Amino acid sequence: MNVMNQFAENSGGQAYLLEDTFIDSNNSQIDRVLTSIAEELRGQYTLAYYPSAPDNGKFHTISVKVRVGTVRTRNGYQGR
């Protein structure tokens, strides 16, 4: 799970560990996770960034700050 969390964090995503079965009673863990994902997708947006210098093949760290709440983002990009 640590690998999945790290992969998700680096890509701006989120990992979920499901502990109960997919076929379960009402309000199962998978239902709650899918509802959470659907709510997040409804509020999703894209923010574009164009660097001032040409790409040099290195990893460039970026940071997104918001005044209220939190956002999940990638922590940078790989220049080409």
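Scroll up for the structure.
Residues numbered from 1 in each chain as written. Predicted model: local features only at pLDDT ≥ 70, side-chain atom pairs only at ≥ 80, totals over all residues. Heavy atoms only, no water.

### Looking at the overall build of the chain
Going by this rule: Strands here mean DSSP runs of E at least two residues long; helices mean DSSP runs of H or I at least four residues long; both are numbered from the N terminus. Note on method: radius of gyration uses C-alpha positions; expected globular size equals 2.2 Å times residues raised to 0.38. Relative accessibility decides the category of a residue: with a 1.4 Å probe and only protein chains considered, values under 20% of the type maximum give buried, values over 50% give exposed, and everything between is partly exposed. Residue contacts are defined here by distance: any two heavy atoms, one from each residue, within 4.5 Å place the two residues in contact. To be clear on the numbers: accessible area is Shrake-Rupley with a 1.4 Å probe, and residue cover counts the displayed protein chains and nothing else.
The helix and strand inventory of the chain stands at two helices and two strands. Traced from its N-terminal end to its C-terminal end, the chain shows the element sequence α-α-β-β. The C-alpha atoms of the chain give 17 Å as radius of gyration, which overshoots the globular expectation for 80 residues (12 Å, by more than 25%). For the chain, the C-alpha atoms occupy an extent of roughly 55 × 30 × 20 Å along the three principal directions. Counting only residues that meet the buried cut, the chain has 10% of its 80 residues in that class. The long-range fraction of contacts in the chain, counting pairs at least 24 apart against all pairs at least 6 apart in sequence, stands at 28%. Accessible area of the chain: about 7200 Å², with a carbon and sulfur share of 53%.

### What to know about the environment of Arg80
Within the secondary structure layout, Arg80 lies in the segment after strand E2 (76-78). Classification of Arg80 by relative accessible area gives exposed; the value is 83%. Spatially, the C-alpha atom of Arg80 lies 9.2 Å from that of Phe59, the residues being 21 residues apart in sequence. Excluding anything up to four places from it in sequence, Arg80 contacts Asp55, Asn56 and Gly57.

### Quick notes on the pattern of salt bridges
Selection rule: Should a side-chain nitrogen of Lys or Arg be within 4 Å of a carboxyl oxygen of Asp or Glu, the pair is scored as a salt bridge.
Inspection of the entire model under this criterion finds one salt bridge. In this structure, the salt-bridge partner of Glu40 is Arg72, at a minimum N-O distance of 2.2 Å. Of this pair, Glu40 sits in helix H2 (residues 29-42) while Arg72 sits in the loop between strand E1 (59-61) and E2, placing them 32 residues apart in sequence. The partly exposed category is assigned to Glu40, whose relative accessible area is 35%. In this structure Arg72 comes out as partly exposed when scored by relative accessible area, which is 36%.

### Some remarks on the environment of Arg74
Where we set the bar: Counting of polar contacts relies on pairs of N or O atoms within 3.5 Å, with two restrictions inside protein: one atom must be capable of donating a hydrogen and the other of accepting it, and residues adjacent in sequence are counted only when both atoms are side-chain atoms.
If you trace the backbone, Arg74 turns up in the loop between E1 and E2. Given the relative accessible area of 44%, Arg74 is considered partly exposed. In the structure, Arg74 is positioned 35 residues away from Glu39 in sequence and 20 Å away in space, judged by C-alpha atoms. Excluding residues that lie within four positions of it along the chain, Arg74 makes contacts with Asn10, Ser11, Gly12 and Ile62. At 3.3 Å, the side chain of Arg74 forms a polar contact with the backbone oxygen of Gly76.

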